[in-house]
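Close look at the chain arrangement
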Amino acid sequence: MEFVTAEQMREVDRYTIQEIGIPAIVLMENAGRAIADEVVRLVMQRKDSLAGERWLVLIGKGNNGGDGLVCARHLTDAGIPVTLVYAVAPDQLGGEAAVQQRIVEALDLPRIVYADEAEGIPDMRSYTGIVDALLGTGTKGAPRGVYASLIVEANSSGLPIVAADIPSGLDADTGAVYDPCTQAELTVCLAFLKAGLTQYPGAKAAGEVVVRYIGIPPWLPAGLEGAGVVLTEESLESELGLDAGRCRAPDGHKGTYGHVLLAAGSLPMSGAGLLAAKAALRAGCGLATWALPASLLPHMLGAVPELMLAPIADGGIGAWDSAAADEVLRLLAARDVLAVGPGLGRFPGEAEFLRALWEGAPRPLVVDADALGILAAAGGLTAWKRRDAATILTPHPGEMARLAGLTTAEVQRDRIGLARRFATEHGVTLVLKGARSVIAASDGQVYVNVTGHPGMATGGSGDVLTGIIAAMLAQGLDAVQASAFGAYLHGLAGEQAAAARSNPASLLAGDIIEAL
Ligand SMILES: NC(=O)C1=CN([C@@H]2O[C@H](COP(=O)(O)OP(=O)(O)OC[C@H]3O[C@@H](n4cnc5c(N)ncnc54)[C@H](O)[C@@H]3O)[C@@H](O)[C@H]2O)[C@@H](O)CC1
Ligand SMILES: [K+]
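As the structure is a computational prediction, the values presented were derived from the model and not from experiment.

1. Comments concerning the pattern of salt bridges
Evaluated as defined, the whole model comprises 19 salt bridges. Salt-bridge contacts for R212 lead to D37; the nearest nitrogen and oxygen are separated by 3.2 Å. Of this pair, R212 sits in strand 9 (residues 208-212) while D37 sits in helix 2 (residues 24-47), and the two are 175 residues apart along the sequence. For R212, a relative accessible area of 24% gives the class partly exposed. With a relative accessible area of 37%, D37 lands in the partly exposed category. The salt bridge involving E105 is made with R111; its shortest N-O contact spans 3.1 Å. Within the structure, one salt-bridge network assembled from shared partners comprises D37, E38, R41, E208 and R212.

2. Some words on the site of ligand 1
As a structural note, the neighbourhood of ligand 1 is formed by 23 residues, with N64, D67, G136, K140 and D165 the closest of them. Take R144: an N or O atom from its main chain is 3.0 Å from a nitrogen atom of ligand 1. In the environment of ligand 1, an oxygen atom lies 2.7 Å from a nitrogen or oxygen atom belonging to the side chain of D165. Within the complex, the protein chains bury 84% of what would otherwise be the 860 Å² of accessible surface of ligand 1. At the level of secondary structure, the elements contributing two or more residues to the shell around ligand 1 comprise helix 1 (6-20), helix 2 and helix 3 (63-78). The class makeup of the residues in the shell around ligand 1 is ten nonpolar, eight polar and five charged.

Criteria and cut-off values
Residues numbered from 1 in each chain as written. Chains lettered and ligands numbered in written order. Predicted model: local features only at pLDDT ≥ 70, side-chain atom pairs only at ≥ 80, totals over all residues. Heavy atoms only, no water. Salt bridge = Lys/Arg side-chain N within 4 Å of Asp/Glu carboxyl O. Helix = DSSP H or I, 4+ residues; strand = E, 2+ residues; numbered from the N terminus. Buried < 20%, exposed > 50% of the residue type's maximum accessible area, 1.4 Å probe, protein only. Near = heavy atom within 4 Å. Polar contact = N/O pair within 3.5 Å; in protein donor to acceptor, adjacent residues only side chain to side chain. Areas by Shrake-Rupley, 256 points an atom, 1.4 Å probe, with all protein chains shown as cover. Nonpolar A, V, L, I, M, F, W, Y, C, P; charged D, E, K, R; others polar.

Written as structure tokens, this is what we have:
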């Protein structure tokens, strides 16, 4: 499913109204009606009768408010009495919203002009629900004045809130929320999903999100870019050409499914390498070799019988050093993909080691965990010359902050925008992990993964993802396919593993592997 920024939505609106010729008032009528439909659906889901319902419809000054006025009319006609709550004096509405205002005036719908109220909304608790039609994609900055106090009142009312297009107080592009921001039960998003609804905390403020057709053709006009695509089975096929139900070719053999090499693990974090290697096998690569410090090897014998182990001289201390790069590159010559980083540790000569792999590996390279820390510390992204092969970085927000020279908060403030800029600037495929992982291709295309479960925030979960992505590359997927499909499967496996446990907090990264 495609998503757009506020600016792109305005462009689509303009194109639809001016080039195609569908009048704005028609779009607004359809929008308000769709919102009313969804309110009725919500009520009927809860108590399969509209009896006793009384809703407030909060009306802003712009077209979002206009949608709310149409919605109020349709709710009334459906049998749910409404009271309009104007954030501004009704005569301040303009354009299509003013047309709608005159209609509700003619219908004499009950109204409160909140702007004039000294105190809050009278007997808020006598109502049963609220439609938030205060601010939509025209929001500029944090809700001000009357808008802010209405949002605070609505949020503290305890009543279910249905947001028109987006929750008021949400940044429609990034998913950041202003203070205050409507906390909705349901968001009825109009025409196209807005980017901010795909990222936390916006995704939480929105509640359930439904995208409703309002007459705007559901394809983007030629030349008009969207902001990205949400990964679903359909979009994995239509956008990424993946046969999500892909089964193995009957005549396949081990070599057909590729050979993954992992340079991972160190004495205090040997498990990370094991998790990544096992995940790669579970994710379907034909063969996997784990290059690890020699002194760890005896302890790993038989841990995963299917896994090949390659000892790297470590002087008996269970750590890596710069000389290890030659051996890794020698092993890579007979393998298809290199994943470096899980449990690697930090060590003297780390920059030389990673630079040798970055500049010497003629195969797709997945860089994760400590290898990302080394890359950031050495400034490798700008200083080193990568071989002409795919490069995938899989940072969590903290690692992304170090790579981009930002704070973690700054990374989380605009995950989609940052990921897109970073991937295109450095010519890499970026997987910015965290709830709703963002996969950004070097050509600027962005995907958001919505599978996953909070229980997956556990040590080793990232190592498992690295193994999955490496296995997808080994099976012939390109960097973007491997990253997107890998994240999708990782999240799906995590959901299934969590569902199988009485308390999802007890989930272990290993459970995700078993669920693959
Ligand atoms: N024909 C169209 O353009 C359509 C627009 N649609 C609706 O129209 C919305 C966009 O409408 P607009 O562009 O008029 O803008 P909005 O209705 O989102 O709000 C903008 C108005 O709110 C005020 N405002 C902005 N930021 C504020 C803040 N931080 N605090 C207080 N007041 C603030 C401004 O005075 C402005 O008039 C969409 O979200 C959607 O709901 C949909 O009906 C689709 C069709
Ligand atoms: K709204």
